[in-house]
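Coordinate analysis (summary)
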There are 2 protein chains.
Amino acid sequence: MKKILPRKNIRTLKPYEPGKPIEELQRELKISVKDIIKLASNENPIGPSPKAIEAIRRKLKKLNRYPDGGCFYLKKKLGKKLGLDSENIVMGNGSDEIIDIITKVFLDESHEVIVSEPAFLEYKIITKTRGAKVVTVPVKKEAVSPSISVFKYDTDKILAAIGKNTKIIFLGNPDNPTGAYLGKKELSRFLKKCPKDVIIVLDEAYRGLVASSDYADTVTCTKRRNVVILRTFSKAYGLAGLRIGYALANKQLASWMEKARQPFNVNMLAQVAALAALDDSSHMVKVKSLIEKGRKFLIKKLKELGFDVVETPANFILFSFKGISSTEIFSGLLLQGIIVRDMKPYGLNGLVRVTVGTMRENRKFIEALRKLECSKLFPN
Amino acid sequence: MKKILPRKNIRTLKPYEPGKPIEELQRELKISVKDIIKLASNENPIGPSPKAIEAIRRKLKKLNRYPDGGCFYLKKKLGKKLGLDSENIVMGNGSDEIIDIITKVFLDESHEVIVSEPAFLEYKIITKTRGAKVVTVPVKKEAVSPSISVFKYDTDKILAAIGKNTKIIFLGNPDNPTGAYLGKKELSRFLKKCPKDVIIVLDEAYRGLVASSDYADTVTCTKRRNVVILRTFSKAYGLAGLRIGYALANKQLASWMEKARQPFNVNMLAQVAALAALDDSSHMVKVKSLIEKGRKFLIKKLKELGFDVVETPANFILFSFKGISSTEIFSGLLLQGIIVRDMKPYGLNGLVRVTVGTMRENRKFIEALRKLECSKLFPN
């Protein structure tokens, strides 16, 4: 009998597993939403600028209209802020969609894409939907002090992995979940050594939250013909729920990407919220300082409790405890209404990821961990 | 020198040209927004249910959270309303994204896709981004009365165009801009005659606004293995600005599509607005009766003014005037602050499309047309 089949690469595809939404946990555990603390998706814990909320309110009577397909005003304002033209910018339904567009524009089934291992899972998944080959290069773990370490990109191995079919290299900068990133000099060296016909996608989702003084301003990289920078309003700007991200690139690359996007991909409320958020730099200062304070607090407390910690420059921390599996830690916290992320699906056995929350959330998390530790480590 | 090039089919792609947003016209003509009437994008003229707006307001403090990637509650409610399971439903960032997902899942470069000519442009454009071949079958124009006609699908020619590489047939039901649709018997006959390994996508964007008693309830078609039904909250529900549409299909087809979508493709406010809108059937009755009244008014007045009219069962009408180009009509109305759509890019020379507005907007439009006609037809 004649049958419908999807493309082969779709049949074997394992889709992305998002962090548990609070509502889902509520359904499973039958506990009230108020009691649940979600530190699982690297979200901004205090939300967007009040100006963004106000801009949304003013637009609610216009929802019957299609959004501005060209994101005219938003691109203009972003361009001005960054010293670029609107033609250097491609807006997307979150930067997830930009990744999808990049692969749609450039990838054939004969191509190879280099990603680090582990890395943000969407790079792999979206590449596979195109039928292209994923080539992985492991990150390196480096000790900073006895109980603190960091993940680093192995740029030499990445460069060595480039072959004649390599079309794209995806690099979270910093990446989720590893926190790996390229410092100023490393980035400059890496870009110089990459062949000019390989597209380097620098995903800067966490820019705005990164504290490191060694974090490069990459806007000028758009002068290169082979660099695409991804940014988002989901993290530092606290607009994850509305889905809005963008790419910065030279005009030629950007024009091809523009062609392949859907005409109304960015919703109207996301556009006005992003516009207003760009005007509120004091809110951004507040968010950044809250995250820094929370990160320091969490690292200190995790160390005190005897956990091994992997630091990142962004709003999340990885941690593990010798002899306890990450799934045990995850489940133990879940039962106390705290959602974190088990890193087992990323191949980071033993590690759990926690997002920096509000100070109240951070304290509750540490408290829960302490309870967990007592019951696990000293069962009787 | 080594150069970056996009895939060949992207290089030659002509992107979709959206209807002029009001803000863009304002920029061009330097007139105030208040004076502009937009009847160009088949939008609902009175907007969504107040319950939807209220649901959005209640969610504004949660925008820092990612949306529910699975659209759990919305699928559940839709499923209940339609007598289907959640597994029959795939939610998208507008039904545009669903079209994109369908082509991503099923189309290889060796495939052919059948669309009518003219048809909703996205079917062609998105198919081309995949590098598949577009096969077109002209619609037929049939006279209903001396000055009224309709466009009809040529189902026999569509069936005859199916070859061994045909993978998908896109059919707007009714389509934009032609208004062509398949009545109950025609649809049933067509589905029976189509080979079981060809996917038939019935795009029902205008369901909810269609007045015809011959318009089929298609939910049971999802029992077929080769039918995908597209629906949206953009038109009858008045939520175009928020981007939310969905597919109904058998669970196997739907599961493949689910795999290939982005994990957070539908924003949080769209989900809560759609949920609330589904509860407000009295608002839907109001919208539908307003559109019916406006459509009858416009057809009557257009006939009185001597225009030739192409009727559609949805919230738009096509019209022409012998000896005047569609571009002249379009520009003449634009100068009076009324945006309609010139159908020249669709190959429908002479025809202009107007969306049914509020009665005030409809009257203003007829008034402007009367002025235009006087100056054009009787220049001195």
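Cut-off values and rules
Residues numbered from 1 in each chain as written. Chains lettered and ligands numbered in written order. Predicted model: local features only at pLDDT ≥ 70, side-chain atom pairs only at ≥ 80, totals over all residues. Heavy atoms only, no water. Helix = DSSP H or I, 4+ residues; strand = E, 2+ residues; numbered from the N terminus. Rg over C-alpha atoms; globule rule 2.2 N^0.38 Å. Buried < 20%, exposed > 50% of the residue type's maximum accessible area, 1.4 Å probe, protein only. Contact = heavy atoms within 4.5 Å. Lys, Arg positive; Asp, Glu negative; His and termini not counted. Charge placed at Lys NZ, Arg CZ, Asp CG, Glu CD. Buried area = accessible area lost by both parts, 1.4 Å probe. Salt bridge = Lys/Arg side-chain N within 4 Å of Asp/Glu carboxyl O. Polar contact = N/O pair within 3.5 Å; in protein donor to acceptor, adjacent residues only side chain to side chain. Pairing = 2+ DSSP bridges. Axes fitted to C-alpha atoms, helices over the stretch in contact; angles between N-to-C directions. Domains from an automatic or database assignment. Nonpolar A, V, L, I, M, F, W, Y, C, P; charged D, E, K, R; others polar. Least-squares fit on C-alpha atoms with pLDDT ≥ 70 in both. Phe/Tyr/Trp six-rings, centres within 6.5 Å; stacked < 30°, edge-to-face > 60°. pLDDT = per-residue confidence, 0-100. Arc of directions from axis to C-beta. Parallel < 35°, antiparallel > 145°, perpendicular 65-115°, else oblique. Left-handed = near helix turned anticlockwise from the far one by under 90°.

**Things to note about the overall build of chain A**
From N to C terminus, chain A includes 13 helices and 15 strands. The C-alpha radius of gyration of chain A comes to 21 Å, within 12% of the 21 Å expected for a compact globule of 380 residues. Projected onto the principal axes, the alpha-carbon positions of chain A cover approximately 65 × 60 × 55 Å. In chain A, which comprises 380 residues, the share counted as buried stands at 63%. A separation threshold of at least 6 residues defines the contact pool for chain A, and within that pool the share at least 24 residues apart is 74%. Placing the 68 positive and 40 negative side-chain charges of chain A at their respective mean positions leaves the two points 2 Å apart.

**So, the interface of chain A and chain B**
Counting residues at the interface gives 79 residues for chain A, matched by 79 residues for chain B. Regarding the contact of chain A and chain B, the summed buried area is about 7000 Å², with carbon and sulfur atoms giving 57% of it. Of all residues in chain A, the largest losses of buried area upon contact with chain B belong to A:Ile4, A:Tyr66 and A:Lys259, amounting jointly to 11% of the total for that side. For the pair chain A and chain B, the interface holds eight salt bridges. Among the salt bridges present, the one from A:Arg7 reaches B:Asp108, with a minimum N-O distance of 3.1 Å. Here chain A is connected to chain B by 44 residue pairs in polar contact (both at pLDDT 80 or more). Listed by contribution, the elements that provide at least two residues to the side of chain A that touches chain B are α1 (8-11), α2 (22-29), α3 (50-59), α4 (72-82), α5 (95-106), α6 (121-129), α9 (251-260) and α10 (268-278) of chain A. Among the elements that line the side of chain A that touches chain B, the one with the most residues is α5(A), at six residues.

**A short note on the sheet that holds strand β10 (residues 245-249) of chain A**
All names here are of chain A. Strand order in this open sheet of seven strands is β2-β10-β9-β8-β7-β3-β4, and the pairing throughout is mixed. Strand pairing shows two members of the sheet lacking a second neighbour, β2 (89-92) and β4 (133-138), which therefore form its edges. Neighbour-to-neighbour, the strand axes of the sheet open up by a mean angle of 20°, direction not taken into account. As paired elements, strand β3 (residues 112-117) and β4 share six bridges and run parallel to each other. Paired with Ile-114 across the two strands is Val-135, which belongs to β4. The sheet strands contacting helix α8 (residues 184-193) are β7 (166-172), β8 (199-203) and β9 (227-232), and the helix crosses β8 at an angle near 160°.

**Regarding the sheet that holds strand β5 (residues 140-145) of chain B**
Residue and element names in this part refer to chain B. Strand order in this open sheet of six strands is β5-β6-β11-β12-β15-β14, and the pairing throughout is mixed. Edge positions in the open sheet fall to β5 and β14 (341-342), since each of these has one partner strand only. With three bridges connecting them, strand β11 (residues 308-310) and strand β12 (residues 316-320) associate as antiparallel partners. Each residue of the ladder has a partner; that of Asp-308, found in β12, is Ser-320.

**Regarding the domain arrangement of chain A**
Residues and elements named next belong to chain A. Entries for chain A in the domain assignment read domain 1 (17-42 + 282-371) and domain 2 (50-279). In this assembly, 27 residues from domain 1 lie in contact with 26 residues from domain 2. A combined buried area of about 2200 Å² lies between domain 1 and domain 2, and 65% of that area is made up of carbon and sulfur atoms. A per-residue breakdown of the area domain 1 buries against domain 2 is headed by Met-284, Pro-313 and Tyr-346, which together make up 30% of the total. Along the contact surface separating domain 1 from domain 2 lie zero salt bridges. Those elements that place two or more of their residues in the side of domain 1 that touches domain 2 are α11 (281-304), β11 (308-310) and β12 (316-320). Ranked by residues supplied to the side of domain 1 that touches domain 2, first place goes to α11 with nine residues. Classifying every residue of the side of domain 1 that touches domain 2 by side-chain character gives 15 nonpolar, five polar and seven charged.

**Brief notes about the relation of the copies chain A and chain B**
Overlaying chain A on chain B yields an RMSD of 0.0 Å, the required transformation being a rotation through 180° with an accompanying axial translation of 0.0 Å. The superposition operator between the copies reduces to a two-fold rotation axis. Comparing interface residues between copies, 100% of those in chain A also sit at the interface in chain B, which points to an isologous, same-surface contact.

**Digging into the packing of aromatic side chains**
Applying the stated criterion across every chain, the model contains 24 aromatic pairs over all chains. Pairing A:Phe120 with A:Tyr123 gives two aromatic rings, centres 5.4 Å apart and planes at 80°, and the pair type is edge-to-face. For A:Phe120, a relative accessible area of 15% translates into the label buried. An angle of 80° between the planes, with centres 5.1 Å apart, marks the rings of B:Phe307 and B:Phe321 as edge-to-face.

**What about the confidence of the model for chain A?**
With 96% of its residues at a pLDDT of 70 or more, chain A has an overall mean of 94. As a predicted assembly, this complex carries a pTM of 0.96 together with an ipTM value of 0.95.

**So, helix α3 (residues 50-59) of chain B**
Residue and element names in this part refer to chain B. Listing the buried residues of α3 in full gives Ala-52, Ile-53, Ala-55 and Ile-56. In a view along the axis of α3, the buried residues occupy a sector of 160°, so they form one face of it. For α3, the exposed residues lying more than 90 degrees away from the buried face are Pro-50 and Arg-58. Where α3 is buried, its residues touch α10 (268-277). Regarding α3, its N-cap is Ser-49, as a side-chain oxygen of that residue lies 2.9 Å from the backbone nitrogen of Lys-51 further along.

**A closer look at the packing of α3(A) against α10(A)**
Residues and elements named next belong to chain A. For the pair α3 and α10, interaxial distance at closest approach is 8 Å and the crossing angle is 140°. Taken as axis vectors, α3 and α10 run oblique relative to one another. Our pair here, α3 against α10, has a crossing hand that is right-handed. Together, Lys-51, Ala-52, Ala-55, Ile-56 and Lys-59 of α3 and Met-268, Leu-269, Val-272, Ala-273, Ala-276 and Ala-277 of α10 make up the contact between the two elements. Class assignment for the residues of the contact of α3 with α10 results in nine nonpolar, no polar and two charged.

**Description of the environment of B:Gln252**
All names here are of chain B. Its location among the elements puts Gln-252 in helix α9 (residues 251-260). Among the residues examined, Gln-252 registers a relative accessible area of 41% and is labelled partly exposed. Taking the C-alpha atoms as reference, Gln-252 lies 8.7 Å from Glu-87; in sequence the two are 165 residues apart.

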